[in-house]
Amino acid sequence: MKKTFRASLLSALVGMGALATHSATFADEVKWPTRPVQVVVIANPGGDTDFNARMMAKYFNEITGKTMVVTNVAGGGGTLAAEQVKGAAADGNTILFTHPGQLIVNEVAGLTEDSFETFDVSCIAGVDKSTVFVASKQSGVTSMQDLVDKSKANPGSITYGTEMGSFSHIQGLMLEKLTGAKLKMVDGGTVSDRVVGMLGGRLDMGAITYGSVQDYVQGGQMVALGQPNEERNAMLGEVPTLKEQGLDITMDKPYVVAFPKGTDPAIVKKMSDIMKQITEKPAYAEDLKKFKQPVAFYGTEEAKQILAKTREDFMQFKDELRKAK
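Note that the coordinates shown come from a computational prediction; the quantities given were computed from them, not determined experimentally. (Residues numbered from 1 in each chain as written. Predicted model: local features only at pLDDT ≥ 70, side-chain atom pairs only at ≥ 80, totals over all residues. Heavy atoms only, no water.)

**Section: the layout of surface pockets**
Taken as a whole, the largest pocket spans an internal volume of roughly 1,000 Å³. Lining the largest pocket are 43 residues; nearest its centre among them are Ala43, His99, Glu163, Val191 and Arg194. Where the lining of the largest pocket is concerned, the elements lending two or more residues are helix 2 (48-64), helix 4 (100-109), helix 6 (167-179), helix 7 (191-199), strand 9 (205-209) and helix 8 (210-219). At 4 residues, helix 7 tops the list of elements feeding residues into the lining of the largest pocket. Taken domain by domain, the makeup of the lining of the largest pocket includes at least three residues from each of domain 1 (37-128 + 253-324) and domain 2 (131-245). (1 Å grid on protein atoms, 1.4 Å probe; cavity = no way out; pocket = protein on both sides within 12 Å on 5 of 7 lines; lining within 4 Å. Points joined across faces, edges and corners; volume = space filled by probe spheres on them. Helix = DSSP H or I, 4+ residues; strand = E, 2+ residues; numbered from the N terminus. Domains from an automatic or database assignment.)

Have a look at this one:
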């Protein structure tokens with residue numbers, strides 16, 4: 001079952017060669033922030049994206065002495081939040097906090113003509129490494145190999161819960177492409193809806209943050225099949241990587257900080273510098289453990305190159321995503 005597919009930040013970096021080291025020095029004497037900064041988050045409160053934005057805001061306030069206000073604008077797969085930031089003044093006082101689901105998948109799926117280049121990307125503030133492929137006990141799926149064998153023997157017999165046209169949909173399509181399996185893609189709603197669907201036997205599996213299913217895995221109602229990380233995230237316990245199981249695949253989800261197009265480059269850089277300082281704080285690393293997330297950071301140029309590589313990887317699923325919409 002040994003095949004290779006990469007949609008990871010580290011793989012993208014390796015493929016592009018050595019990148020310039022990001023300087024931690026503030027942009028030369030730029031006077032920013034001078035007033036409260038609004039960070040518009042593409043998701044509702046309580047989830048992983050919102051959590052990362054609020055952690056950024058907490059330490060931004062501590063470092064700069066200025067207030068960063070988090071505003072949640074969910075809906076439209078993140079397009080509502082993106083439109084709000086795109087139309088804001090390019091004065092550095094409005095920031096978009098997003099991930100490839102909005103920045104890239106929406107473009108590939110035909111939901112918007114905008115791309116990540118519509119904004120001035122500042123940095124990648126973090127990377128989700130807490131997602132696992134998980135199956136319900138009722139499904140009878142006990143491992144990744146078992147999943148592949150059963151889905152090949154009876155194509156479409158295993159339901160994969162997702163939000164159609166979303167990042168989790170891409171993850172399912174990648175899994176199909178890698179293994180040759182054929183899953184039945186079902187729109188299962190939000191993460192909480194999908195968890196309920198799996199517990200109720202309506203959905204067989206999904207790609208879900210481990211924190212959302214940990215209690216059910218430990219209680220025996222679900223089986224954690226594998227984590228799509230290059231190396232094990234130790235905070236996920238004994239869940240093996242897909243790579244350990246013969247599937248050389250990684251699926252990172254970066255959290256991206258971006259400004260309206262035309263923002264002063266010195267402000268864009270200063271935000272990146274501040275975020276780098278945040279990631280160097282031990283207390284920040286401790287806070288991230290609440291979502292079983294290790295610290296990660298990529299500066300402006302690294303972030304843009306990573307997003308370009310991710311977009312290239314995702315484009316092969318254009319037809320499937322647009323059909324789903």
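**Looking at the packing of aromatic side chains**
As enumerated under the stated definition, the model contains 6 aromatic pairs in all. Aromatic pair Phe97 and Tyr255: ring centres 6.2 Å apart, planes at 15°, arrangement stacked. On the criterion of sequence distance, the pair formed by Phe97 in strand 4 (residues 94-98) and Tyr255 in strand 12 (residues 253-260) is long-range, its members being 158 residues apart. Each member of the pair, Phe97 as well as Tyr255, carries the same accessibility label: buried. Cluster of aromatic residues (ring-pair linked, three or more members): Trp32, Phe60 and Phe259. (Phe/Tyr/Trp six-rings, centres within 6.5 Å; stacked < 30°, edge-to-face > 60°. Buried < 20%, exposed > 50% of the residue type's maximum accessible area, 1.4 Å probe, protein only.)

**Things to note about the pattern of salt bridges**
On inspection of all chains with the given rule, the structure shows 21 salt bridges. For Lys289, the salt bridge is made with Glu286, and the minimal N-O distance between the two is 2.9 Å. By relative accessible area, Glu286 is classed as partly exposed at 47%. One salt bridge connects Lys304 with Glu301, and the closest N-O pair in it is separated by 3.3 Å. Pair noted here: Lys304 and Glu301 are both in helix 11 (residues 300-314), with a separation of 3 residues, about one helical turn. Taking relative accessible area as the criterion, Lys304 reaches 32% and is therefore assigned partly exposed. Residues joined by salt bridges that share partners form a network here, namely Lys58, Asp287 and Lys290. (Salt bridge = Lys/Arg side-chain N within 4 Å of Asp/Glu carboxyl O.)

**Side note on the nonpolar core**
Counting residues in each nonpolar core, the largest one holds 48 residues, and the members touching the most others are Phe133, Met144, Leu147, Met205, Leu225, Phe314 and Leu321. By residue number, the principal contributor to this core is helix 6, which donates 6 residues. Residue-level mapping places this core at the junction of two domains, with at least three residues from each of domain 1 (37-128 + 253-324) and domain 2 (131-245). Those residues in contact with Leu225 that lie beyond four places of it in its chain are Phe133, Val134, Ala135, Val141, Thr142, Ser143, Met144, Leu147, Met205, Pro240 and Gln245. (Core = buried A, V, L, I, M, F, W, Y, C linked by side-chain atoms within 4.5 Å. Contact = heavy atoms within 4.5 Å.)

**Focus: the domain arrangement of the chain**
Taken domain by domain, the chain consists of domain 1 (37-128 + 253-324) and domain 2 (131-245). Each of domain 1 and domain 2 has a C-alpha centre, and these two points are 26 Å apart. Carbon and sulfur atoms supply 76% of the area buried between domain 1 and domain 2, which totals about 1,500 Å² over both sides. The interface formed by domain 1 and domain 2 includes 0 salt bridges. For the pair domain 1 and domain 2, the number of links is 4 residue pairs in polar contact (both at pLDDT 80 or more). Those elements that provide at least two residues to the side of domain 1 that touches domain 2 are helix 4 and helix 12 (318-324). No other element matches helix 4, which puts 4 residues into the side of domain 1 that touches domain 2. Each residue belonging to the side of domain 1 that touches domain 2 can be placed in one class, and the counts come to 8 nonpolar, 3 polar and 6 charged. (Buried area = accessible area lost by both parts, 1.4 Å probe. Polar contact = N/O pair within 3.5 Å; in protein donor to acceptor, adjacent residues only side chain to side chain. Nonpolar A, V, L, I, M, F, W, Y, C, P; charged D, E, K, R; others polar.)

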